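# Summary of the model geometry
Next come the chains, spelled out residue by residue.
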Amino acid sequence: MTGPGGVVVVGAGECGTRAALALREEGYAGPVALVGGEPGHPYERPPLSKAVLAGSAGPTPLCTAEQLAEAGVTHLAGTAATALDTAAHTLTLADGRVLGYDRLLLATGARARTLPGAHVLRSHADAVALRERLVSGARVGIVGGGFVGLEVAATAAALGCAVTVVEAAPRPMGRAVPERIAARAAARHAEAGIDIRCGTAVARLEPGRIVLGDGGVVEVDVVVAGIGSVPETALAQAAGIAVSDGVVVDGAFATSAPDVLAAGDCCSFPHPLYDDRRLRLESWRAAQEQGAHAARALLGAREPYAAVPWFWSDQHDLCLQVAGLPGAATEEVVRVRPDGAELWFGLDAGRLVAVAGIGVGTAVAKDVRIGELLIARRAAPDPAALADPAVALKPLLRVPSPVG
Amino acid sequence: MPQWIAACETDDVDPEDVVPFEHAGNSYAVYRSPDDAFFATDGYCTHERELLCDGLVMGGTIECPKHNGRFDYTSGKALGAPVLVDVRTYPTKVEDGTVYIEVP
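Figured I'd write up the structure that's included with this text. None of the values given here were measured: they were computed from a predicted structure.

## Description of the sheet that holds strand S4 (residues 81-85) of chain A
All names here are of chain A. With respect to topology, three strands assemble into an open sheet ordered S4-S5-S6, the strand pairing being antiparallel. The open sheet terminates on both sides in strands that have one partner only, identified here as S4 and strand S6 (98-100). Along the sheet, successive strands turn relative to each other by an average axial angle of 20°, direction set aside. Inspection of the sheet shows strand S5 (residues 90-93) paired to S6 by three bridges, in the antiparallel sense. Its bridge partner lying in S6, Thr90 is registered against Gly100.

## Considering the interface of chain B and chain A
Across the contact, twelve residues belong to chain B and twelve residues belong to chain A. A breakdown of the residues in the side of chain B that touches chain A according to their chemical character gives six nonpolar, two polar and four charged.

## Some words on the nonpolar core
By size, the foremost hydrophobic cluster in this structure holds 97 residues, and its most contacted members are Val143, Ala153, Ala185, Val224, Leu320 and Val355 of chain A together with Val30 of chain B. Once residues within four sequence positions are removed from consideration, Val355 of chain A is found in contact with Ala323, Gly324, Leu343, Trp344, Phe345, Val368, Gly371, Glu372 and Ile375 of chain A. Of all hydrophobic cores here, the second largest spans 58 residues; its members include Ala22, Leu261, Ala286 and Ala294 of chain A.

## Notes on unusual backbone geometry
If you check the backbone angles, Asp275 of chain A has positive phi at about 55° while not being a glycine. As for its placement among the helices and strands, Asp275 of chain A is situated in the loop between strand S19 (267-271) and strand S20 (277-279). Of note in this structure, Asn68 of chain B is not a glycine but carries a positive phi near 65°. The residue Asn68 of chain B is located in the loop between strand S6 (61-63) and strand S7 (70-72) in this model. Look at Asn68 of chain B and you get buried, because 22 C-beta atoms sit within 10 Å.

What counts, and at which threshold
- Residues numbered from 1 in each chain as written.
- Chains lettered and ligands numbered in written order.
- Predicted model: local features only at pLDDT ≥ 70, side-chain atom pairs only at ≥ 80, totals over all residues.
- Pairing = 2+ DSSP bridges.
- Helix = DSSP H or I, 4+ residues; strand = E, 2+ residues; numbered from the N terminus.
- Axes fitted to C-alpha atoms, helices over the stretch in contact; angles between N-to-C directions.
- Contact = placed C-beta atoms within 7 Å.
- Nonpolar A, V, L, I, M, F, W, Y, C, P; charged D, E, K, R; others polar.
- Core = buried A, V, L, I, M, F, W, Y, C linked by C-beta atoms within 7 Å.
- Buried ≥ 20, exposed ≤ 12 C-beta atoms within 10 Å, placed from the backbone.

Keep in mind these values describe shape, not function.
This is the structure in structure tokens:
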């Protein structure tokens with residue numbers, strides 16, 4: 001056996017890289033190895049569907065090479081982990097190396113669901129491959145009207161492509177975004193000339209065309225699948241670690257195996273704000289926050305992770321943001337601001353459980369952030385105040401939280 | 001030559017809030033702390049080019065509206081991931097209800 005002992009982090013994406021750096025910020029002095037299957041320096045994924053795909057930016061590094069070096073993090077790039085032995089406390093890499101560990105963090109993320117013959121967008125290499133096909137005038141068919149599909153649609157339309165989005169559900173972004181907010185985004189796509197066909201199943205892909213469930217055909221030059229992701233759990237599963245829609249962890253990211261934690265897109269964790277419902281988040285900020293939280297847990301902290309789920313999506317000139325779980329709401333309140341931005345608040349038994357907003361640029365950011373803080377405090381704000389754009393939201397933070 | 005530029009009136013900024021200010025093609029953010037002191041920083045976050053004035057001020061920190069990077073707006077210090085680089089600050093002064101910032 002060679003290698004460091006100490007902490008080994010498997011996965012050099014947002015979660016794993018943040019965890020490796022946070023170990024040092026938390027004062028850990030032992031060896032830290034960061035193992036990633038992708039070549040090159042760790043990078044941010046959000047720009048892949050926007051600036052990187054548009055060709056206006058290269059990869060955004062997650063940190064500088066100097067920061068990794070200063071932190072004494074050994075980054076083993078382009079070497080996937082192939083086997084985990086939780087009894088022997090060893091991790092085997094594709095190149096045959098075996099690393100010993102005291103504690104190990106699985107931050108293996110997720111991979112895109114694929115359709116044979118379609119591009120996907122998960123890695124920088126995926127973005128580069130797709131970018132070459134998005135030439136002006138190209139007919140682009142996108143299967144799936146979720147975030148990746150709609151962000152790619154917006155970028156492709158801006159590049160001069162003729163874009164058709166095929167979504168099986170009755171409306172786009174159905175899983176995560178309130179209907180009213182999704183409708184605003186859909187209207188903006190239509191204005192940009194994008195043809196979004198909801199309630200439309202895909203039967204199969206054929207060269208140069210998408211065959212629809214109703215027998216219709218969409219002629220295309222390139223197809224992109226944006227049909228969700230699958231947690232990367234193979235390493236954990238083969239090691240005998242409990243897996244059920246993600247690596248099963250407790251509130252502090254401990255798996256069923258001793259000294260092995262899991263965090264980020266690959267894990268399913270109980271959320272204390274939502275009756276310990278199990279969540280598996282696919283979000284940049286969750287990956288980052290969970291990485292930092294998992295670093296503290298690797299060093300023995302036991303407090304549960306309780307951050308409010310949050311994400312954003314840029315589509316054309318609009319940005320939408322969602323905090324909390326819209327699906328947990330039983331009542332809804334809408335605030336339409338004079339600048340045209342809209343906010344949606346979801347309540348359950350009076351308690352705020354979700355907030356969403358859409359507006360040009362970062363117009364809704366401050367209000368959504370205040371909503372997020374209210375959710376974290378289990379606040380029960382007056383619905384009339386939430387609905388009235390003349391009532392400032394920030395003072396609601398000064399109302400004492402309800403007991404319990 | 002550094003020069004003092006009138007950025008706004010004190011009443012234009014609520015306590016614990018921020019407003020944008022543009023001068024000579026540059027964007028600035030002008031802050032009023034909860035105890036009514038005024039501060040100024042560059043208008044854009046150092047992470048990606050997002051306008052800080054759309055973010056939330058809490059106590060002595062400003063939070064980027066897009067990615068939640070935080071800065072101490074009194075010193076410009078970056079307070080952790082994803083922001084890696086401090087934001088530049090500018091001296092301020094208040095005279096007769098007007099907030100001035102000193103720009104290079």
